[in-house]
Amino acid sequence: MGRAGRRLPALAALFYGALAALVLLGVRDVMFLYEENRCSMTYMYEYPEYLKIKLPKKTARRYPAYELYLYGEGNYAEENKNLLLTGIPVLFLPGNAGSYKQVRSLGSIALRKAEDVDFKYHFNFFSVNFNEELVALYGGSLQRQTKFVHECIKVILKLYKDQEFAPSSVAIVGHSMGGLVARALLTLKNFKPELINLLITQATPHVAPVMPLDKYLTDFYTAVNNHWILKAQDLRNLTTLSVAGGFRDYQVRSGLAFLPRLSQHDSALSVVSSAVPRAWASTDHLSIVWCKELILATIRAFFDLIDENTRQITEDPKKRMSVLNHHFVRHPAKMYEENPEAFTHLTGTFNWITVKASKWTYSVYNDSDGKYFSFPLASHRKSYSHVYCENSMLDTSSWIYGCMNTNSSMCLEAADLSWRAELLPTTKVVMLKLLDYPSLSHIVIQVPPAVGNKYTLGCEFFQEDSRTVQLPVTHIFSFGFSSSKILLNSTGLLYNVQLQHFSQIYQAFKIYIDSHCQSLKERKPSVYRLHIPWSYEDSITVAKVPSLAEISAKLHIAQPHSDSSLPELNIYSSPDCQYEVILKTSLLQVLGQIVRFHAGAFPVYIVSNILLTYGGQLSTLRSTGQCSDFSLQLVRTAKPYKVEPLISIVVFLQGFNWFREIWESLSLPEVDAAVLSSQDAWFPLVSLILFLFGTGIAYWSGVFFSTSLRLFSSLWLSLIRPPELQKDKLITPSRLCGMISLALVSWTTCGAFAVLIIYLQYLFKVVKLHVTVRAEQNMHNRDSGHSKETSQNSSTHTVKAQGSVDSIPEATQSPSNSETSAEAANSLKMHTTVLNLFTWIVLLNLPSLIYWLKNLRYNVRLDPDPCRTTAIMLVCILEILMNSSTSEVKSSKLLKIAAKVPLPLSVAMLAFGRMHLYRVPHFVTFSLLLHVLCCFV
């Protein structure tokens, strides 16, 4: 039994060490193992200037921390100093801790584009200075920011009041939380929706906050999203584009950046930057505002949105969506045209060549004569279902046509099929289903004269089934030891590999594509595209041939229940090459997906485990009179079967209307797991995994905490004489004054500040107690060693009378000293756990403290304060608790209740705290309140 007892801590440390290591591997995958930055930096050609716009006095007094600026460079900035503006207004809203100067990439490239068109059209970029507020962590200022933006829009439009082409609306670009503030404008009572007609958001968490640390933040999200769903009809004239950063953005996962699904799908568009044509790159949270490829797409879209008659952004919502789709979803490698000509006449002195083969390739190099290659369709319709063509010349001219009327030698009238093409990094491709074009008689490829240009073209007819293969993905629990393989002997230009059973966010795979070719001649690079049909989150990889390419396959959005389509791996191949596709589960990336989607809930699971351990220590104190060690009690008490089944049962029952009605009649909030399930962010066993991860982190945080206290006490002992062990009174006049003072600090300044002060005071008390206990133990060990040495000497020597007299007081003092030391050691263990628990509360309240310190020059009092009431309660509780001991608690009549309450509180915390972290301190406060009452009753 003793050996087993000694083995338990070692096994526990090994097990929880493995759990903590898995968490670290997941964090490493999210924060470090992503694709390299493929974005180019945007540079200013002239020195950027920011002209401060004078606001009305009433607005300036109401919002002293906020400002409005106009961006400019060089001569353009000088011309605009008198604010006689004639352009199109665009307002940039920075995000969490963002700077108003982040507008410079948009402003500078828009200025260069305006110079290219001789300032026929140009944009005036304004930017709001939000004082770099931490609105992602503190939601108390979001409503204030929204109202200020409303005032800014009115000020901006007044600047154009007397102009010939005066705008009636403002386009908005919002980065991060700035995009949410822009959406919140529509919730204001006095806001006119027609004041904005275009909204582009960059890496904005639309669905939910990344870290729901206060009620104001979650309430703001609820108000905005509910308004956009309930008032969707009123938003039909507002076109919204949300661009997510992809897997490089570990601050805001792309799933949060997808706009909530509305009934009007034609007014909103959500894309991931890796799927944006001509960008094809994932961006981190900051680089999305300066990524040259994305900024160019945005500015091109802005100029294509201009109405030539009004010289402002078009009021036609269909045209706005058409432009955004052109630049951000499917680019046909042509300049945007609102109404392209349906038919054209193929003229010129080009040679006409008829191609009857089902597969054709042609290389162009310094051709002086233009050619038309004509493919008659009549002979192919019976044998083939599709035609696929590609062209490596990436210009914007038309190149493929469908003949409507032919004679023996040439096509008289043709439909421009170039608008059906799609631009890829190394080629432009078009695939047509022959049944959809029954009136076409020929496909015509135009090859203009090429001087100094070298490019290739190719076409092939094929049956769809012959180019589509299915590859089942490996099970998540295969851990990469098994694989799915398929071999493609390429005789064509395109293959589609459908990935079966790939639909959930917790799935993650490594796909290896090994290409081998029969000859060593130079070939065009292969393009591999992972296509997700239910959301715009494709990723593209370009690889040389032959080569071994590695692709990560994981999802931002789970497959909707109403969608039955399959993800595809599109292989734009080189002919006469062999491609072997190998798919394996990636355990590291599975862990990364768990961390990416649920890292925000880690504090809830960690505090829940510590709370269970705290309850176990109180229970042990009641039954044995001794307080057990934190690590041992965590092993005994923190069991997932104590909390998880009840939550799962409630979530299951909420699927029934009768239970939901009872639940709502009790005014209980919705269980967070049910909300996450509705957002497709919940999956089987995730709660168990997160609980185990929380247990591992709680275990090692306890070890770290104990080690830190030991180091602090060692430093104390080396510098200062240890204090004597003495029993403190729970309440004294001086402590009562301190309690009232901190309560006043909480009420008049910032609650988190008062919490931090009482925490540091408590930490000092615990370190002091640790020093005292160590000193007592050291003295006891020396006395024990001295007694042992004395007893050994007495067996060989005669004991003198004086020696026996000296031993009497030692024997009489030993029991009381050891009892006091044991009591102090028990109190130390209990205080260490309470302090560990309280540390997480301080961390959760820290953002509001940082926000208050940053804005201290504007207002001494944080208003609204998310933790003011809780802080006052914690100050009173901890002022008493830090002076208590286990001797006062273990004889209490309330100890039985206090020991059992942490379990239901842990269940409630996991049920209602995952998406509402601000509720965690409330549960802990209630448990500590019972502990304090045990000191008196």
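Look above for the structure.
Residues numbered from 1 in each chain as written. Predicted model: local features only at pLDDT ≥ 70, side-chain atom pairs only at ≥ 80, totals over all residues. Heavy atoms only, no water.

Enquirer: What's the story with the sheet that holds strand 13 (residues 359-365) in this structure? I'm lost.
Expert: Each strand in a sheet pairs with another by means of backbone hydrogen bonds, the pair being arranged parallel or else antiparallel. A sheet is described by the order of its strands in space; here 5 strands give the open sequence 13-21-15-19-18, paired in antiparallel fashion. The outermost strands of the open sheet, each flanked by one partner alone, are strand 13 and strand 18 (422-423). Sheet topology note: the strand 15 (residues 386-391)/strand 19 (residues 428-433) ladder contains 6 bridges and is antiparallel. In the strand pairing of strand 19, His-386 is matched with Lys-433. (Pairing = 2+ DSSP bridges. Helix = DSSP H or I, 4+ residues; strand = E, 2+ residues; numbered from the N terminus.)

Enquirer: I keep staring at the packing of helix 11 (residues 602-624) against helix 16 (residues 686-719) and nothing clicks. Help me out?
Expert: For the pair helix 11 and helix 16, the least separation of the axes is 8 Å and the interaxial angle reads 65°. As for how helix 11 packs across helix 16, the hand of that crossing is right-handed. Contacts from Phe-602, Tyr-605, Ile-606, Ser-608, Asn-609, Ile-610 and Leu-612 of helix 11 reach helix 16 at Ser-687, Leu-690, Phe-691, Phe-693, Gly-694, Thr-695, Ile-697 and Ala-698. Within the contact of helix 11 with helix 16, the residues separate by chemical class into 10 nonpolar, 5 polar and no charged. (Axes fitted to C-alpha atoms, helices over the stretch in contact; angles between N-to-C directions. Left-handed = near helix turned anticlockwise from the far one by under 90°. Contact = heavy atoms within 4.5 Å. Nonpolar A, V, L, I, M, F, W, Y, C, P; charged D, E, K, R; others polar.)

Enquirer: Can you walk me through the packing of helix 5 (residues 142-159) against helix 6 (residues 177-184) in this structure?
Expert: Each packed pair of helices is defined by two parameters, the angle between the axes and the distance between the axes. The N-to-C vectors of helix 5 and helix 6 enclose an angle of 65°; their axes lie 9 Å apart at closest approach. Classified by the angle their axes make, helix 5 and helix 6 are roughly perpendicular. Here helix 5 runs over helix 6; the crossing is right-handed. The segment helix 5 lies against helix 6, with Leu-142, Gln-145, Thr-146 and Val-149 engaging Met-177, Val-181 and Ala-184. Per-class residue counts for the contact of helix 5 with helix 6 are 5 nonpolar, 2 polar and no charged. (Parallel < 35°, antiparallel > 145°, perpendicular 65-115°, else oblique.)

Enquirer: Would you take a moment to explain helix 13 (residues 644-653) for this structure?
Expert: Every α-helix carries 3.6 residues per turn, so stepping three or four residues along brings you back to the same face. Taken residue by residue, helix 13 has Glu-644, Ile-647 and Val-650 as its buried positions. All buried residues of helix 13 fall inside an arc of 130° around its axis, so they share one side. Elements in contact with the buried residues of helix 13: helix 11, helix 14 (657-665), helix 16 and helix 23 (902-912). (Buried < 20%, exposed > 50% of the residue type's maximum accessible area, 1.4 Å probe, protein only. Arc of directions from axis to C-beta.)

Enquirer: Help me out: how do you make sense of the sheet that holds strand 8 (residues 268-272) in this one?
Expert: Taking strand neighbours across the sheet as the criterion, the 8 strands line up as 1-2-4-3-5-6-7-8 in an open arrangement whose pairing is mixed. At either end of the open sheet lies a strand with only one pairing partner, and these are strand 1 (48-52) and strand 8. Taken pair by pair, the neighbouring strands of this sheet meet at an average axis angle of 20°, ignoring direction. Sheet topology places strand 7 (residues 239-244) next to strand 8; 5 bridges connect them, and they run parallel. Looking at the pairing, Leu-241 lines up with Leu-269 of strand 8. Strands in contact with helix 6 are strand 3 (88-93), strand 5 (171-175) and strand 6 (198-202); relative to strand 5, the strand with the most contacts, it is inclined by about 140°.

Such coordinate-based values are descriptive only and should not be taken to indicate function.
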